Amino acid sequence: MVSRSYSNLLELASGEAPMPPSLGPRRLPRVMTATGIISDPDSDTDSDSNSDTDSASSRPRIIVVANHLPLRVQPDPTSPVAGLSFSWDHDSLLLQLKQDYQNASPKTDFLYVGCLRDYNDLSLVEQESVANHLLESFNCVPVFLPGDLLGRFYHGFCKQYLWPLFHYMLPLSPDLGSRFDRNLWQAYVSVNKIFADRILEVINPDDDLLWVHDYHLMVLPTFLRKRFNRVKLGFFLHSPFPSSEIYKTLPVREELLRAVLNSDLIGFHTFDYARHFLSCCSRMLGLSYQSKRGYIGLEYYGRTVSIKILPVGVHLEQLKSALNLPETENKVRELIEQFGNNGRVMLLGVDDMDIFKGISLKLLAMEEFLKQRAEWRGKVVLVQIANPARGRGKDVEEVQNEIRTTVKRINEAYGGPEYKPVILLDEPMQFYERIAYYVTAEVCLVTAVRDGMNLIPYEYVISRQGNDGLDQVFRANGSGSMVPKKSMLVVSEFIGCSPSLSGAIRVNPWNIEAVADAMDCALTMPEAEKQLRHEKHHRYVSTHDVGYWAKSFLQDLERSCKDHATRRCWGIGFGLRFRVVALDLNFRKLSMEHIVGAYRRARRRAVLLDYDGTLMPQQGSIDKSPSAKSIEILNKLCGDKKNVVFLVSARGRDTLSGWFGQCQNLGMAAEHGYFLRLRRDAEWETCIQVADCSWKQIAEPVMRLYTETTDGSTIEDRETALVWSYEDADFDFGSCQAKELLDHLESVLANEPVSVKSGSHIVEVKPQGVSKGLVARRLLATMEEKGVSPDFILCIGDDRSDEDMFEVITNVATSGTLAPDAEIFACTVGRKPSKAKYYLDDTAEIIRLMQGLASVSEQTASSSEVE
């Protein structure tokens, strides 16, 4: 059944919208025509070689793409630029990463692509004026979105669907979030396409590094990769990535995964987020990952997509500058008089006003703390700074009402005329004011129920380190000194910064009593312990700032892209299922005309064929026996006197004898080549000395243990091998168990003459020295001894065990034992890294190839009879 998930983007609805302004000489042909209508992405062809994009300069350039530009916009009637004035937003992470990165690499240019906050509905003339001004003055490229499209994209799909889902909130009822709406999904795809069009106007794909940020632009990599197959593209997700059980409820789950996988490097704040993403890739796309020399990589159609795990840091220079401001010192002095001089200890919370920040749970914990510990009443104050909500809707209003109601209840129950245990500050606050609260607070509480990163604890640690000026303020106001430095953190287990703060008191925010206990622990902890924890945190935060994060990510992006020039790339798939195949320059698809011509010319041929995954698909039918058509093709090939045809399989000899008993002249190798016979009426031989299988008494109980604990797994007892299969088990659990079983078997069988190997959904134990390569070597040696050395060799297989055959026939080709005009075809199934030189896409193409060769043999036989 065809998915209705807009794989074909021509299904997008229509509407009218103004064309975005061009950017002068770097403009590329436009492809957006109106709101919601985008040109068919499949009409574009790879233009790596004929792009008309010019490089602005020889300096390295990084294009940073995000939903919003790092700019502040204010109305200014005196401004000639659409009546607006522009300035940098120094609180923006995107600007901070540039500033810190350029401190180390000053010759690197940054270009920003994104929307303006709240100023999208400008006339075409105003858009043109703004675009030119921002490019010249700020190196920013604005993306203008019509109001209705912006609303459906940002406040619709992003904030009402994708963001809650990524924070583990399922819309089980209309009151718990918006249900999936394809009109909103259509708007999301349209906006991503508009962003791609804008980037195409300015990118130099051969030199620029492209860094896309966050969940608003998850399908953007597909549009960019389709236009430029070798674009150097990194993507960083700043939100959590949910577990596969949550993510798989998304109707467009595969489209989003495949789109993100069109990046070269994908970044996450924590291993948990990366693990969930990798689990989704394995469960939904069948992709496995490997860790090599510290780097995690996913093999995706010949491309290695790297996974980066690194939490973002704070902008140290900005924090230090704010700490040095006289306004900060004045505010600190004011807070000391308000709290310290009255003998009160400040607990601080700083959160956005949204449903996931856990402000209500924090207030309930404060209420429980005051209820259980009467000695702290009148002495401790929770100051809760609530930043304005980024989203909007009924849920935000409910959160605001609940918070205000709870604050009122606590203050009425435990407060007095001169004492309020909770102070709620929900008006916009200057940055230096927030820093002053950090400096003054004894404990910082972050109890979000789910948050991608959250830099509040990092900012608190740096602020508590203070400086000489602030130390003097404390001494002058009779509050002692900030020396030695100390800070205490109570943080939720469910925020991205928690793993990096090992000295913090970690809590489950849903456990109100535990959070209350953590407050007491933070307040009563010995001073020496507080100092040690602060020192540990400060060491980490001060060395892992935003510059370190940006430099590390961009270095890994360059490393991930270094082999682009050495790979052949081409695109396959339609719409959002588009992906790029990247293979070695010498690895190409087997041409039917080429091999049929060589087959006709050959005087003596050797054909080696794998069975499972080659002549028979690995998945699909439960019955794995060969079809009548396959038997007919093999008989025609075997009937040609020029041919020696061998079937080389991992299956047992009894199974092969039963399935291929009708093939008189077919040679067969069973159990990876341990058993061998040249034709049906010949006796089975062994390729090596008869094996002692007493090791099975050791291996079988171990496998049985893993079978009992892994639902869906089975054991196959062959004559000389044991195979544990988890094909019908849960993929993740089966893979995990397979790794454990592999280690376990290698340990208990260390002194036995066997090898333990993992394969496609199996772990196999077989005698040492047995391989399919041994069969290929013996067959070619036998033919040479008989004086009928082949001048045509075809070897086809699909998995790791077949690589041994490919290696043998490739080495034979270079050894000089074959005729100079001998032609060799080592062919794997599927486009993947292999020792084979050729590939075919699937078993259907293999069958068509064999049928074509069989037809040639049949024609040759008919011609001989006529003569």
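Residues numbered from 1 in each chain as written. Predicted model: local features only at pLDDT ≥ 70, side-chain atom pairs only at ≥ 80, totals over all residues. Heavy atoms only, no water.

**Overview of unusual backbone geometry**
Move 1: In this structure, alanine 82 is a non-glycine residue whose phi angle is positive, near 55 degrees.
Move 2: Along the chain, the position of alanine 82 falls in the loop between β4 (71-75) and β5 (84-88).
Move 3: If you check the backbone angles, tyrosine 168 has positive phi at about 70 degrees while not being a glycine.
Move 4: Along the chain, tyrosine 168 falls in the loop between α3 (147-166) and α4 (182-200).
Move 5: Judged by relative accessible area, which is 24%, tyrosine 168 ranks as partly exposed. (Helix = DSSP H or I, 4+ residues; strand = E, 2+ residues; numbered from the N terminus. Buried < 20%, exposed > 50% of the residue type's maximum accessible area, 1.4 Å probe, protein only.)

**Focus on the packing of aromatic side chains**
Move 1: By the definition in use, this model includes 33 aromatic pairs.
Move 2: Between tryptophan 185 and tyrosine 188, the ring centres sit 5.8 Å apart and the planes meet at 20 degrees, which makes this aromatic pair stacked. Placement of both tryptophan 185 and tyrosine 188 in helix α4 is noted, with a separation of three residues, approximately one turn of the helix.
Move 3: On the accessibility criterion, tryptophan 185 (0% relative accessible area) is buried.
Move 4: Under the relative-accessibility criterion, tyrosine 188 is labelled buried at 0%.
Move 5: A ring pair is formed by tyrosine 599 and phenylalanine 792, whose centres lie 5.5 Å apart and whose planes are at 80 degrees; its orientation type is edge-to-face. Taken as a pair, tyrosine 599 in helix α19 (residues 592-601) and phenylalanine 792 in strand β32 (residues 792-797) lie far apart in primary sequence, 193 residues in all.
Move 6: For tyrosine 599, a relative accessible area of 1% corresponds to the buried category. (Phe/Tyr/Trp six-rings, centres within 6.5 Å; stacked < 30°, edge-to-face > 60°.)

**Considering the sheet that holds strand β26 (residues 675-677)**
Move 1: Here nine strands make up an open sheet; going across it, the order is β22-β34-β33-β32-β23-β24-β25-β26-β27 and the pairing mixed. Edge strands, defined here as strands with exactly one partner in the open sheet, are β22 (588-589) and β27 (685-686).
Move 2: Here β22 runs beside strand β34 (residues 838-840); their pairing, made up of two bridges, is parallel. Residue pairing in the sheet places lysine 589 in a bridge with tyrosine 839 of β34.
Move 3: The strands touched by helix α25 (residues 800-815) are β23 (605-609), β24 (643-648), β32 and β33 (823-829); relative to β32, the strand with the most contacts, the crossing angle is about 160 degrees. (Pairing = 2+ DSSP bridges. Contact = heavy atoms within 4.5 Å. Axes fitted to C-alpha atoms, helices over the stretch in contact; angles between N-to-C directions.)

**Some points on the environment of isoleucine 762**
Move 1: Structurally, isoleucine 762 can be placed in strand β31 (residues 762-767).
Move 2: For isoleucine 762 and leucine 742, which are 20 residues apart along the polypeptide, the C-alpha to C-alpha distance reads 9.9 Å.
Move 3: Residue contacts for isoleucine 762: discarding those within four places in its chain leaves Val723, Trp724, Ser725, Tyr726 and Lys757.

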